[in-house]
Amino acid sequence: MPSDATLLDVIVIGAGIAGASVAAELSDVARVLLLEQEQVPGYHTTGRSAAIYSPIYGPQPIRALTRASFAFFQAPPEGFCEHPLLRPIESVFVARADQIDRIDAMEAELSDAPSIRRMTRDALAQKVPILRAGYAECAIQDNGSSEIDVAGLHQGYLRRFKANGGMLMTRSPVTGLARESDCWRVSTPQNDYRAAIVVNASGAWADELGTMAGAERIGLVPKRRTAIMIDAPDGINVGALPVIIDADEEFYLKPDAGKLLISPANEDPEPPCDVQPDEMDIAICIDRIERAFDISVRRIDSKWAGLRSFVADKSPVAGFSKQVEGFYWLAGQGGYGIQSAPALARFAAAEILAQPIPAHILEERFNPDTVRPDRTGLQT
């Protein structure tokens with residue numbers, strides 16, 4: 001345990017996927033302390049994510065970071081994990097007759113994506129036999145998606161961090177942040193720690209931590225998303241189903257270990273908390289799923305909720321504060337934080353260490369100005 005007198009290079013606050021990944025990258029060359037308020041890392045959003053790797057999902061900066069993360073997912077460093085991090089799975093974005101304009105817009109926006117193709121009603125009925133007859137008019141199919149082993153990714157970063165000599169302190173909520181001379185003093189109930197740089201990777205609590213530090217507010221809004229697990233209809237080969245997403249993201253359905261994970265894809269504002277599933281969300285979810293599919297939900301196997309935190313333009317916030325020295329924002333990843341974590345962590349680590357941005361990230365047309373904490377359109 002570092003003492004009060006120990007001056008670290010970096011303190012990362014928050015041990016979810018954002019904090020764990022950047023801490024691991026930094027720990028290759030720096031002395032890093034990772035602080036987590038909960039008993040275990042990833043208790044909140046990371047531990048409740050049903051993440052899909054999809055390079056066509058999310059705003060442009062996220063899509064670029066996701067593409068730039070693919071090589072890491074495909075071939076992580078030796079010893080990083082015991083099993084592959086990706087398992088290929090198709091995604092289908094379905095549209096009713098009144099949603100065709102959304103499919104047209106999606107097709108135009110993703111015209112350079114080689115993994116997508118438009119599907120007719122008949123092709124869609126063959127691909128997704130559980131769709132109600134006449135419900136959907138067309139769809140976009142994506143063959144470039146994969147399921148992500150979220151736990152494997154998260155634990156791999158934590159394992160790498162510890163192997164590099166990084167220090168993880170759990171049950172350590174930050175109670176004070178003060179800039180003293182050329183370093184930060186970070187207070188927790190157990191101890192005070194000092195470092196030249198603080199990284200704010202505290203998820204739903206990021207704006208609260210920024211205020212504590214005297215940094216600008218970024219307008220972060222944590223939003224509740226509810227998910228439930230149900231049985232599949234009799235006679236359906238669940239493993240052959242794609243992930244099925246409504247064109248306006250009013251629901252999604254994902255095959256999961258022989259069952260179906262379903263969600264109303266809701267984004268309901270919540271204060272930072274240990275969020276729980278809402279009964280109205282569950283009722284809305286079941287209604288939308290039963291309208292779209294030949295499914296009658298008789299029993300719920302499990303239910304949960306997580307917070308996905310967004311700023312106004314739904315792109316992440318990564319960069320040094322313009323108001324206080326040595327305070328780095330790494331927040332607002334929304335529902336895309338897992339699929340973009342490898343590239344975003346490498347980008348952030350390079351900036352924190354004053355190193356060049358890795359070329360493979362820039363080659364994917366990633367523009368650092370689109371994630372700055374002082375960018376235009378960050379707040380409503």
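Computed from a predicted model, the values in this text were never measured in an experiment.

Chemist: Hey, could you run me through the sheet that holds strand β8 (residues 146–148) in this one?
Modeler: Paired through backbone hydrogen bonds, the strands of a sheet run either parallel or antiparallel to each other. The three strands are arranged β3-β8-β4 in an open sheet whose pairing can be described as antiparallel. A strand with exactly one partner marks an edge of an open sheet, and here the two such strands are β3 (52–53) and β4 (86–88). As defined by bridge partners, β4 adjoins β8 across three bridges and the pair is classed as antiparallel. Its bridge partner lying in β8, leucine 86 is registered against isoleucine 148.

Chemist: In this structure, what is going on with the nonpolar core? I would like to understand it.
Modeler: Most often, soluble globular proteins have nonpolar side chains that are buried together. Core analysis: the biggest nonpolar cluster contains 47 residues, and Val12, Val22, Leu153, Val199 and Leu330 have the highest contact counts within it. Listed by contribution, the elements that provide at least two residues to this core are β1 (7–13), α1 (17–26), β2 (32–35), α2 (60–74), α5 (150–163), β12 (192–200), β20 (327–331) and α8 (341–352). In terms of residue count, the dominant contributor to this core is α8 (eight residues). In this view, valine 22 contacts Val12, Val199, Leu330, Ala345, Ala348, Ala349 and Ile352; residues no more than four positions away in its chain are not counted. One finds Val94, Leu124, Ala136 and Leu260 within the second-largest nonpolar core, a separate group that totals 28 residues.

Chemist: Would you mind going over the packing of α2 against α8 with me for this structure?
Modeler: For the pair α2 and α8, the least separation of the axes is 6 Å and the interaxial angle reads 100°. Classed by the angle they form, the pair α2 and α8 counts as roughly perpendicular. Note on element contacts: α8 touches α2 through Ala341, Pro342, Ala343, Leu344 and Arg346, opposite Leu65, Ala68, Ser69, Phe72 and Phe73.

Chemist: Explain the environment of lysine 303 to me, please; I cannot follow it from the model alone.
Modeler: Here lysine 303 is to be found in strand β18 (residues 302–310). Lysine 303 gets classed as partly exposed once you look at its relative accessible area, which sits at 42%. Sequence separation of lysine 303 and tyrosine 53 is 250 residues, and the distance between their C-alpha atoms is 23 Å. Excluding residues that lie within four positions of it along the chain, lysine 303 makes contacts with Ala227, Ile228, Pro277, Glu279 and Ile282.

Chemist: Can you walk me through α5 in this structure?
Modeler: An α-helix turns once every 3.6 residues. As a result, residues three or four positions apart point the same way. The end-to-end C-alpha distance of α5, which contains 14 residues, comes to 20 Å, matching closely the 20 Å that a straight helix rising 1.5 Å per residue would cover. All of the buried residues in α5 are Val150, Gly152, Leu153, His154, Gly156, Tyr157, Leu158, Arg160 and Phe161. Those residues of α5 that are buried lie in contact with α1, β2, α2, β8, β9 (167–169) and α8. Looking at the residues trailing α5, positive phi occurs at glycine 165, about 90°.

Chemist: Just checking my understanding: could you explain unusual backbone geometry for this structure?
Modeler: Backbone geometry follows two general trends: most residues other than glycine have a negative phi, and most peptide bonds adopt the trans configuration. For arginine 171, which is not glycine, the phi torsion reads 50° and is therefore positive. Here arginine 171 shows up in the loop between β9 and β10 (176–180).

Chemist: Got a minute to help me understand the pairing of strand β7 (residues 138–142) in this structure?
Modeler: The side chains of a regular strand alternate between both faces of the sheet. Extensive coverage of β7 is indicated by the burial of five of its five residues. The alternating pattern of β7 places Cys138, Ile140 and Asp142 and Ala139 and Gln141 on opposite faces, both of which are buried. The pairing of strand β5 (residues 91–95) with β7 spans five bridges and is classified as antiparallel. Along β7, the bridge assignment pairs phenylalanine 93 with isoleucine 140.

So, how was this worked out
Residues numbered from 1 in each chain as written. Predicted model: local features only at pLDDT ≥ 70, side-chain atom pairs only at ≥ 80, totals over all residues. Heavy atoms only, no water. Pairing = 2+ DSSP bridges. Helix = DSSP H or I, 4+ residues; strand = E, 2+ residues; numbered from the N terminus. Core = buried A, V, L, I, M, F, W, Y, C linked by side-chain atoms within 4.5 Å. Buried < 20%, exposed > 50% of the residue type's maximum accessible area, 1.4 Å probe, protein only. Contact = heavy atoms within 4.5 Å. Axes fitted to C-alpha atoms, helices over the stretch in contact; angles between N-to-C directions. Parallel < 35°, antiparallel > 145°, perpendicular 65-115°, else oblique. Expected span 1.5 Å × (residues − 1).

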